[in-house]
Amino acid sequence: MYTLITLADVVQIPPSEFHKTSMRAIEDFVNTKYSDKVIHKVGLCIAFHSLISASEGLIGHGTGIVNVNVDFRLLVFRPFKGEILRGTITHSNHEGIYLSMDFFEDVIVPPPLLFDNTKWGKDDTGTEAFIWRTDNGEGGENEFFFDRAEKCLMRVEQEEWNDLSPRMKRPDDYDMERRDKYGLKVGPYRILASMMHSGLGPTLWWLGDEAPAEEEADAMEVDEATEA
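Residues numbered from 1 in each chain as written. Predicted model: local features only at pLDDT ≥ 70, side-chain atom pairs only at ≥ 80, totals over all residues. Heavy atoms only, no water.

The line we're drawing: UniProt positions are given in the numbering used here, feature names are shortened, and annotations may be inferred rather than shown by experiment.
By the naming in an unreviewed UniProt entry, the chain goes by DNA-directed RNA polymerase subunit and is assigned to Oleoguttula mirabilis. One UniProt comment on the chain, placed under Subcellular location (unreviewed entry), says "Nucleus". Per UniProt, the chain carries the Function (unreviewed entry) text "DNA-dependent RNA polymerase which catalyzes the transcription of DNA into RNA using the four ribonucleoside triphosphates as substrates."

1. Observations concerning helix α1 (residues 22-34)
Applied cut-off: Think of it this way: any DSSP run of H or I at least four residues long counts as a helix, any run of E at least two long counts as a strand, and we number them from the N terminus. The span you would expect from a helix comes to 1.5 Å times its residue count less one. Here's how the labels work: a residue is buried when its accessible area is under 20% of the maximum for its type, exposed when over 50%, partly exposed in between, all with a 1.4 Å probe on protein chains only. This arc describes the spread of directions from the helix axis toward the C-beta atoms. Contacts: residue pairs with any heavy atoms within 4.5 Å of one another.
Look at α1: 18 Å from first C-alpha to last across 13 residues, which is about the 18 Å you get at 1.5 Å a residue. Within the sequence span of α1, burial applies to Ala25, Ile26, Val30 and Tyr34. Seen from one end, α1 has its buried residues packed into an arc of 135°, which puts them on one side. Its buried side turned inward, α1 meets β1 (2-13), β2 (38-39), β3 (43-54) and β5 (66-77).

2. Focus on the side chain of Ser50
This is how it is decided: What qualifies as a polar contact is a pair of N or O atoms within 3.5 Å, subject to a donor-acceptor requirement within protein and to the restriction that residues adjacent in sequence count only when both atoms come from side chains.
Of note, Ser50 is situated in strand β3. With relative accessibility at 16%, the residue Ser50 sits in the buried group. At a separation of 3.0 Å, a polar atom in the side chain of Ser50 contacts the side chain of His49.

3. Some thoughts on the pattern of salt bridges
Using the following cut-off: Take a side-chain nitrogen of Lys or Arg and a carboxyl oxygen of Asp or Glu: if they are within 4 Å of each other, that pair is a salt bridge.
Considering all chains together, one arrives at 9 salt bridges under this definition. Between Glu159 and Arg78 there is a salt bridge whose closest N-O contact spans 2.8 Å. Linking Glu159 in strand β12 (residues 151-161) with Arg78 in the loop between β5 and β6 (84-93), this pair joins segments that are 81 residues apart in sequence. Judged by relative accessible area, Arg78 falls into the partly exposed class, the value being 30%. For Glu157, the salt bridge goes to Arg155, with nearest N and O atoms at 2.8 Å. Judged by relative accessible area, Arg155 falls into the partly exposed class, the value being 28%. Three or more residues are tied together by salt bridges with common partners; here these are Glu17, Lys20, Arg24, Glu27 and Asp28.

What follows is the structure in structure tokens.
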């Protein structure tokens, strides 16, 4: 899911940052410039990881800004094909199911990548959703709903990239209302996932009453890792 990449850049440290240590100033510059940004065909940048090397600082004439050439490692989010991810359904429509991973929102499960015999319909409350119908062995059907806010497991199937850098933009890219085939604003990076194999889809289907306990345990592990 996460990987380390190596980059080189020129860090500019203004006089207002001179009270910081060099390491802190470099880290803050890198995080400000790269965090939550997508590098084309690389992934979503998360945070500065480590410094490899740094040159002596050169002071810019008339500005007092110190320029430092640095090589550093950056933590990047880019799951591999076939990896299982956990997300939450934010909404659905005829084009597919849209999920959030809290820090990454561009995950879509198109209808062809759902279980066989999954159709768009209404649940008991009249809310529209995808419904997976299976034979219950007694001549009837079981119905499983992909409801909003359900915690799900999904499998990465494909990546979609759009180079939105200024040099690659076409005139119609500057239309802020331009939408893609899913009705969404065009983004730089998107994951197409599937929920068509045993164990995938809403965790409540497979774990029953154990699902909330497992999610709570996962949350506690994340909190402990953060504190550490």
